[in-house]
Amino acid sequence: MHPTPAQPHRAAHDHEIESLAEFDEVVAEHGSLARFRIQAVDLTGRTDVLLRLDATGAVFLGCPMDPEAAARVRSAGALVFPPVPGLPFDPYRGLTYTPDELFESLAEEYEATPDAQAYAWFQRTKSDGDVFASMLRAVHDDAVSDALDELLAGARVVGVMGGHAMARGTDAYAGAARLGRELTRAGFTVATGGGPGAMEAANLGAYAAPFADDMLEDALRLLAKAPSFRPSVTEWARAAFEVRERWPGGGESVGIPTWFYGHEPPNAFAAHIAKYFANATREDGLLARSTAGVVFLPGAAGTVQEIFDNATPNYYESRGEPAPMVLVDSGHWTRELPAWPLLQALARGRAMESRITLVDRIEQATAAIKRLGG
């Protein structure tokens, strides 16, 4: 049995209703909707309930319902934010995305998927400077953050950071995949930036965790036929879904990508995808939720930025006790991009000094996370 992120539960947000099943459960248990928040639930089949129950102080966020029911709950003191037509995404969504959801219509081509359409909408509205569109993006991202908090409640999350350029079929990609598998088998929830390269490899490793070891080796060979998302995102994504179809029911992990980088599609191996419009919100949220530590694989400017974005709250202890930081590949981080000496100097004499380390090989990273985390 391998760990999965904690599932959304009523104890964490006991006044949020995010599915029709939860709606029916609340109605049966409480006989009232007063002060509940109902999020993106289709209530067109629950008109009789809405017409008779107390809705004082309730908030309905993007819930389709009959006009009569909407008028009734408004008159009872509820706030009703109606669905916004014509969007390729739901700004009020109550759950994180799934790969199947974002890649729907991949059989046609990637450009037909909701993921690609959301990016195209973002590009149009961003250039227009439309305040309504920017508000919708902010509401969406806040809803995704709320869903992610519920999902990860109680989970021991290890972030794996690395560049998008790491190609399938390389030793580095295979190493990152084995790291994701080992972390998952050790009881951690793997979280990545949700994109290609090192991020995909770590999510793939988590997906492979419940299977025998040779599954990952076979999957790596299948994926190598489409080494990169360039020149074709479609072929790159189809190869991933081929792996998922051949080995269904893999281990769960989290991907946190962004539409800010439209050229970077999300990977299909993260079971839970928290995709954002605002990249700054996404980056800070990924690091903040990596409560059991972060592994930094060799990367370029983005990974260097993530190292020091993570080091700053550890330095000031603004999120509490410093979390482990493991940098992988001493040659990369001391000679090519010498972030390690600066991180050491920054940590000297502070609580975070005992929570940072540099290892030579990726195979040492999981043990280092365990050791630094106590």
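An unreviewed UniProt entry lists the protein under the name LOG family protein, with Streptomyces actinomycinicus as the source organism.

A few words now on the packing of helix H5 (residues 114–128) against helix H6 (residues 131–151). In contact at an axis separation of 8 Å, H5 and H6 are set at 135° when each is read in the N-to-C sense. When the interaxial angle is binned, H5 and H6 end up oblique. As for the relative orientation of H5 and H6, their crossing is left-handed in sense. For the pair H5 and H6, contact is made by Trp121, Phe122, Thr125 and Lys126 and by Ala133, Leu136 and Arg137, respectively. Split into classes, the residues belonging to the contact of H5 with H6 amount to four nonpolar, one polar and two charged.

Remark: helix H7 (residues 171–185) packs on helix H8 (residues 198–208), axes separated minimally by 6 Å, with the N-to-C direction vectors making an angle of 45°. Classed by the angle they form, the pair H7 and H8 counts as oblique. As for how H7 packs across H8, the hand of that crossing is right-handed. Every residue of H8 that contacts H7 at Tyr173, Ala176, Ala177, Gly180, Arg181, Thr184 and Arg185 is listed here: Ala198, Glu200, Ala201, Ala202, Leu204, Gly205, Ala206 and Ala208. Residues that form the contact of H7 with H8 fall into these classes: nine nonpolar, three polar and three charged.

On the surface, Val131, Phe132 and Met135 cluster together to form a nonpolar patch covering roughly 310 Å² of accessible area. When you line up the elements, methionine 135 lands in helix H6.

Another aspect to go through is the pattern of salt bridges. Under the definition given, this model contains 15 salt bridges. As a salt-bridge pair, arginine 289 and aspartate 149 come within 3.0 Å of each other at their nearest N and O atoms. Within this pair, whereas arginine 289 is found in the loop between helix H11 (279–288) and strand E9 (294–296), its partner aspartate 149 is found in helix H6, the two being separated by 140 residues in sequence. With relative accessibility at 40%, the residue aspartate 149 sits in the partly exposed group. One salt bridge connects aspartate 213 with arginine 185, and the closest N-O pair in it is separated by 2.8 Å. Of the two residues, aspartate 213 sits in helix H9 (residues 213–223) while arginine 185 sits in helix H7, which places them 28 residues apart along the sequence.

Another point: the sheet that holds strand E4 (residues 79–81). With parallel pairing, four strands are arranged side by side in an open sheet as E1-E2-E3-E4. Since the sheet does not close on itself, it has two edges, and those belong to strand E1 (16–17) and E4, each with one partner. In this structure, E1 lies alongside strand E2 (residues 37–39), joined through two bridges in parallel fashion. Bridging across to E2, isoleucine 17 finds its partner in isoleucine 38.

Bringing the environment of leucine 95 into the picture now. By secondary structure assignment, the location of leucine 95 is in the loop between E4 and helix H4 (99–102). When the C-alpha positions of leucine 95 and alanine 34 are compared, they lie 22 Å apart, and in sequence the two are 61 residues distant.

About the cut-offs
- Residues numbered from 1 in each chain as written.
- Predicted model: local features only at pLDDT ≥ 70, side-chain atom pairs only at ≥ 80, totals over all residues.
- Heavy atoms only, no water.
- Axes fitted to C-alpha atoms, helices over the stretch in contact; angles between N-to-C directions.
- Helix = DSSP H or I, 4+ residues; strand = E, 2+ residues; numbered from the N terminus.
- Parallel < 35°, antiparallel > 145°, perpendicular 65-115°, else oblique.
- Left-handed = near helix turned anticlockwise from the far one by under 90°.
- Contact = heavy atoms within 4.5 Å.
- Nonpolar A, V, L, I, M, F, W, Y, C, P; charged D, E, K, R; others polar.
- Patch = residues over 30% accessible without salt bridge, like charges linked within 9 Å, V, L, I, M, F, W, Y side chains within 5 Å.
- Areas by Shrake-Rupley, 256 points an atom, 1.4 Å probe, with all protein chains shown as cover.
- Salt bridge = Lys/Arg side-chain N within 4 Å of Asp/Glu carboxyl O.
- Buried < 20%, exposed > 50% of the residue type's maximum accessible area, 1.4 Å probe, protein only.
- Pairing = 2+ DSSP bridges.

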